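Each chain is listed here by its residues.
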Amino acid sequence: MLKVTILGCGGSGGVPQIGGEDGRGWWGACDPANPLNRRTRSSILIEGNGGGRLLVDTGPDLRSQMLACGVPGVDAILFTHEHADHIMGLDEVRILNRIAGRPLEAFGMERTLAILKQRFDYAFLPSTGPAFFRPAVEPVRFRTGEALGIAGHTVQTFSQDHAVMETVGLRIGGFAYSTDLVRLPEESLARLHGLDTWVVGCFQRRPHKVHANLDQVLTWVERLGPRRTVLTHMSPDLDHGWLLANLPPGIEPGHDGMVLEVPG
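Small disclaimer: the values here were computed from a predicted structure and weren't measured.

Visitor: Got a sec to walk through the packing of aromatic side chains? Specific residues and values, please.
Guide: Inspection of the entire model under this criterion finds two aromatic pairs. Relative to Trp 220, the ring of Trp 198 lies with its centre 6.2 Å away and its plane at 50°, an arrangement referred to as tilted. Residue Trp 198 is found in strand β11 (residues 197-201), and its partner Trp 220 is found in helix α6 (residues 214-224); the two are separated by 22 residues along the sequence. Given a relative accessible area of 9%, Trp 220 falls into the buried group.

Here it is in structure tokens:
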């Protein structure tokens, strides 16, 4: 059984966003009384099926996500792309280094790893273990479409169009994860048939320039037919209760801390 924990399912500003009339947050269409509407930046953890713990992205909420979900450590990291809401928690990796007792492999496209090295050059220097007073990663470059062996998992990558850049989607067995996309190339859609569970980015109801909206996701799901679809990377436009009441069967909103079990 593959276990997937949704560490965070919010967009780049989270929910609530900074601001609001009282300064305690802007909730948009989301009901502040529903705790499932409180969303940190998007990230997941994959484990099980004989493999280790694979962290996908290191957003700025990484520390609080790990504590809230009771994650004892990770074995490797995969970066979907280099936008700030997916990388700016990299400093927290130094504690994960201490737990693992070694640098962690960091898988990413060449461009993504180059940006990471620009912003976090010290994470790519020789390790300071066992104290690890700075994060330590070992970069592993790949191109979308490649199958990767990561922490005991076979990860099939595929290309996604985020309008401003290419991002990485991933599939492990019957599970797939797609965040930060507005279009899927035909060759990528072909890799997504026969899914059990798909976690997919759905930013808002109306069209958006760089993110898929609800109608787009529903069209993809109708074509691909996964057993279960879980929405992530959601903006304050998408209230959890409204989604539960209006989505068709088999499609549901994610929430921070949600655990998915996918047959191996």
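Visitor: Describe helix α3 (residues 93-100), with residues and values.
Guide: Where α3 is concerned, the buried positions are Val 93, Leu 96 and Asn 97. Down the axis of α3, the smallest arc covering the buried residues is 105°, so these residues share one side. For α3, the elements touching its buried residues are β3 (51-56), α1 (62-69), β4 (76-78), β5 (104-108) and β6 (137-141). Positive backbone phi, approximately 75°, marks Gly 101, located one or two places after α3.

Visitor: Account for the pattern of salt bridges, with residues named and values stated.
Guide: Oppositely charged side chains may form a pair once their charged atoms are brought near each other. Inspection of every chain in the model, using the stated rule, returns 10 salt bridges. The partner of Arg 53 in a salt bridge is Glu 47, with the nearest N and O atoms 3.4 Å apart. Given the relative accessible area of 16%, Glu 47 is considered buried. When salt bridges with common partners are traced through the structure, they connect Lys 3, Glu 47 and Arg 53 into a single cluster.

Visitor: Which residues make up the layout of surface pockets, and what values go with them?
Guide: Taken as a whole, the largest pocket holds about 180 Å³ of empty space. Lining the largest pocket are Leu 62, Arg 63, Met 66, Leu 67, Val 71, Glu 92, Ile 95, Leu 96 and Ile 99. Secondary-structure elements contributing two or more residues to the lining of the largest pocket are α1 and α3. For the lining of the largest pocket, the element with the most residues is α1, which contributes four residues. Residue classes in the lining of the largest pocket are distributed as seven nonpolar, no polar and two charged.

Visitor: I'd like to hear about unusual backbone geometry, residue by residue, with values.
Guide: Residue Pro 16 is reached from Val 15 by a cis peptide bond, and omega for that bond is 0°. A cis amide bond links Gly 129 with the next residue in sequence, Pro 130, at an omega value of 5°. Tracing the backbone shows Pro 130 in the loop between α4 (110-119) and β6. Positive phi values are uncommon outside glycine, yet Phe 132 reaches one of about 50°. Summarising the element assignment, Phe 132 is placed in the loop between α4 and β6. Phe 132 sits in the buried class, given a relative accessible area of 1%. For Asp 180, which is not glycine, the phi torsion reads 55° and is therefore positive. Relative to the elements of secondary structure, Asp 180 occurs in the loop between β10 (175-178) and α5 (186-190). Since its relative accessible area comes to 2%, Asp 180 is described here as buried.

Visitor: Tell me what's going on with the sheet that holds strand β13 (residues 251-253), and back it up with residues and numbers.
Guide: Strand pairs in the sheet, formed through backbone hydrogen bonds, run parallel or antiparallel to each other. Ordered by their spatial adjacency, seven strands build an open sheet running β7-β8-β9-β10-β11-β12-β13, and the pairing between neighbours is mixed. A strand with exactly one partner marks an edge of an open sheet, and here the two such strands are β7 (147-150) and β13. The sheet shows a mean angle of 25° between the axes of neighbouring strands, direction not considered. Where β7 lies against strand β8 (residues 153-161), four bridges are found, and the strand directions are antiparallel. Paired with Ala 147 across the strands is Gln 156, a residue of β8. Against the sheet, α6 touches β11, β12 (228-232) and β13, its axis set at about 155° to β11.

Here is what the cut-offs are and how they apply
Residues numbered from 1 in each chain as written. Predicted model: local features only at pLDDT ≥ 70, side-chain atom pairs only at ≥ 80, totals over all residues. Heavy atoms only, no water. Phe/Tyr/Trp six-rings, centres within 6.5 Å; stacked < 30°, edge-to-face > 60°. Helix = DSSP H or I, 4+ residues; strand = E, 2+ residues; numbered from the N terminus. Buried < 20%, exposed > 50% of the residue type's maximum accessible area, 1.4 Å probe, protein only. Arc of directions from axis to C-beta. Contact = heavy atoms within 4.5 Å. Salt bridge = Lys/Arg side-chain N within 4 Å of Asp/Glu carboxyl O. 1 Å grid on protein atoms, 1.4 Å probe; cavity = no way out; pocket = protein on both sides within 12 Å on 5 of 7 lines; lining within 4 Å. Points joined across faces, edges and corners; volume = space filled by probe spheres on them. Nonpolar A, V, L, I, M, F, W, Y, C, P; charged D, E, K, R; others polar. Pairing = 2+ DSSP bridges. Axes fitted to C-alpha atoms, helices over the stretch in contact; angles between N-to-C directions.

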